[in-house]
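Read off the chains here:
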Amino acid sequence: MEHHIHLSKQVVAQLLLNGFEAFVVQHQGQLRSGIELHASVFGTVKRGKEKTTYKVEFISVDTTAIMQAGSVTPKEDTQYLKKHIAEQMGYERIGNLHTHPYLTHEGDMDFMRTIGCDFSPADLAIVEDSLKEENEEFLVEFLLSIKQNQRKNLVRDGFLDDTRNVFEFSVGNCKCFLRAQVFSLDGNGRLVLETTYLRDN
């Protein structure tokens, strides 16, 4: 099964505006800027036997989430509320988005292109638990990793290596990596990374 995820220019703008607000602005009670955020992702889904297409229409940042430098914890009742309101307007809750912020001294570009832009073991454990608890066949997860650099660097902007679900791009002196991944569980309840393609409109 292939999974094709389409993002509009408006959705990308929402990702960047919210992601950079959490990255740049020092939030109340935090000792540093650069905290993780969590958002719910909404849109429409066209399911087929060999291909499923997701059209992301908008994201909604979970303002009640506990946002910290190394983790973010959303509240279940917030996601439940948003899901049911969105359904009344004809949208599905496709999945989740969270960010990984890295300041100048936190890792180099080799780190970012391997570990930094990928889901952490804790992220994967949460995804696995969500699939089991929600009894969903598939779950879409987005990860926006932002790395602050000393200067602007446009080298290697585009899809990361031979992937088609991780896109590297520059915003000012920051490097960003947007990863989209569809997950499922196998017959033994173990996490499966489905074939995922990131598209734009």
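Up top is the structure these notes are about.
Reading guide: rules and limits
- Residues numbered from 1 in each chain as written.
- Predicted model: local features only at pLDDT ≥ 70, side-chain atom pairs only at ≥ 80, totals over all residues.
- Heavy atoms only, no water.
- Helix = DSSP H or I, 4+ residues; strand = E, 2+ residues; numbered from the N terminus.
- Rg over C-alpha atoms; globule rule 2.2 N^0.38 Å.
- Buried < 20%, exposed > 50% of the residue type's maximum accessible area, 1.4 Å probe, protein only.
- Contact = heavy atoms within 4.5 Å.
- Areas by Shrake-Rupley, 256 points an atom, 1.4 Å probe, with all protein chains shown as cover.
- Lys, Arg positive; Asp, Glu negative; His and termini not counted.
- Charge placed at Lys NZ, Arg CZ, Asp CG, Glu CD.
- Expected span 1.5 Å × (residues − 1).
- Pairing = 2+ DSSP bridges.
- Phe/Tyr/Trp six-rings, centres within 6.5 Å; stacked < 30°, edge-to-face > 60°.
- Salt bridge = Lys/Arg side-chain N within 4 Å of Asp/Glu carboxyl O.
- Core = buried A, V, L, I, M, F, W, Y, C linked by side-chain atoms within 4.5 Å.
- Patch = residues over 30% accessible without salt bridge, like charges linked within 9 Å, V, L, I, M, F, W, Y side chains within 5 Å.

**Looking at the overall build of the chain**
- Per the secondary structure count, the chain includes 4 helices and 12 strands.
- Its C-alpha atoms give the chain a radius of gyration of 16 Å, within 12% of the compact-globule value 17 Å for 201 residues.
- Taken over 201 residues, the chain has a buried fraction of 44%.
- Pairs at least 24 residues apart make up 68% of the contacts formed inside the chain by residues separated by at least 6 positions.
- Total accessible area computed for the chain in this model is approximately 11000 Å², and 51% of it derives from carbon and sulfur atoms.
- Of the side chains in the chain, 22 bear a positive and 29 a negative charge, and the two mean positions are spaced by 6 Å.

**Some details on helix H1 (residues 9-24)**
- The end-to-end C-alpha separation of H1 is 22 Å, in line with the 22 Å expected for 16 residues at 1.5 Å each.
- For H1, every residue scored as buried is listed here: Val-11, Gln-14, Leu-15, Gly-19, Phe-20, Ala-22 and Phe-23.
- Among the structural elements, strand S1 (2-7), strand S3 (51-61), strand S6 (92-102), strand S7 (139-148), strand S9 (166-171) and strand S10 (174-185) are those in contact with the buried residues of H1.

**Examining the pairing of S9**
- As judged from the 2 bridges shared by strand S8 (residues 158-159) and S9, these two strands associate in the antiparallel manner. Paired with Gly-158 across the strands is Glu-168, a residue of S9.
- Connecting S8 to the next strand, S9, in antiparallel fashion are 6 residues, including Asp-161 with a positive phi near 50°.
- Inspection of the sheet shows S9 paired to S10 by 6 bridges, in the antiparallel sense. Counted as the bridge partner of Val-171 is Cys-174 from S10.

**A look at the packing of aromatic side chains**
- Overall, the coordinates contain 6 aromatic pairs when judged by the stated rule.
- On the numbers, 5.1 Å between centres and 20° between planes, the contact of Phe-42 with Phe-58 is stacked. Of this pair, Phe-42 sits in strand S2 (residues 38-46) while Phe-58 sits in strand S3, placing them 16 residues apart in sequence.
- Judged by centre distance (5.5 Å) and plane angle (70°), the ring pair of Phe-119 and Phe-183 falls under edge-to-face. Here Phe-183 lies in strand S10 and Phe-119 lies in the loop between helix H3 (109-116) and helix H4 (121-134), a separation of 64 residues in the sequence.

**Examining the pattern of salt bridges**
- Under the defined criterion, the tally for this structure stands at 10 salt bridges.
- What you see here is one network of salt bridges that share partners, running through Arg-113, Asp-157, Glu-168 and Lys-175.

**As for the nonpolar core**
- In terms of nonpolar packing, the biggest core is built from 29 residues, with Ile-5, Leu-7, Val-56, Leu-97 and Phe-142 touching the most fellow members.
- Core analysis: the second largest hydrophobic core is formed by 7 residues, Tyr-102, Met-112, Cys-117 and Val-166 among them.

**A few points about a nonpolar patch on the surface**
- Where nonpolar side chains cluster on the molecular surface, the patch consists of Leu-81, Ile-85 and Met-89 and spans about 310 Å² of accessible area.
- Following the sequence through the fold, Leu-81 ends up in helix H2 (residues 76-88).

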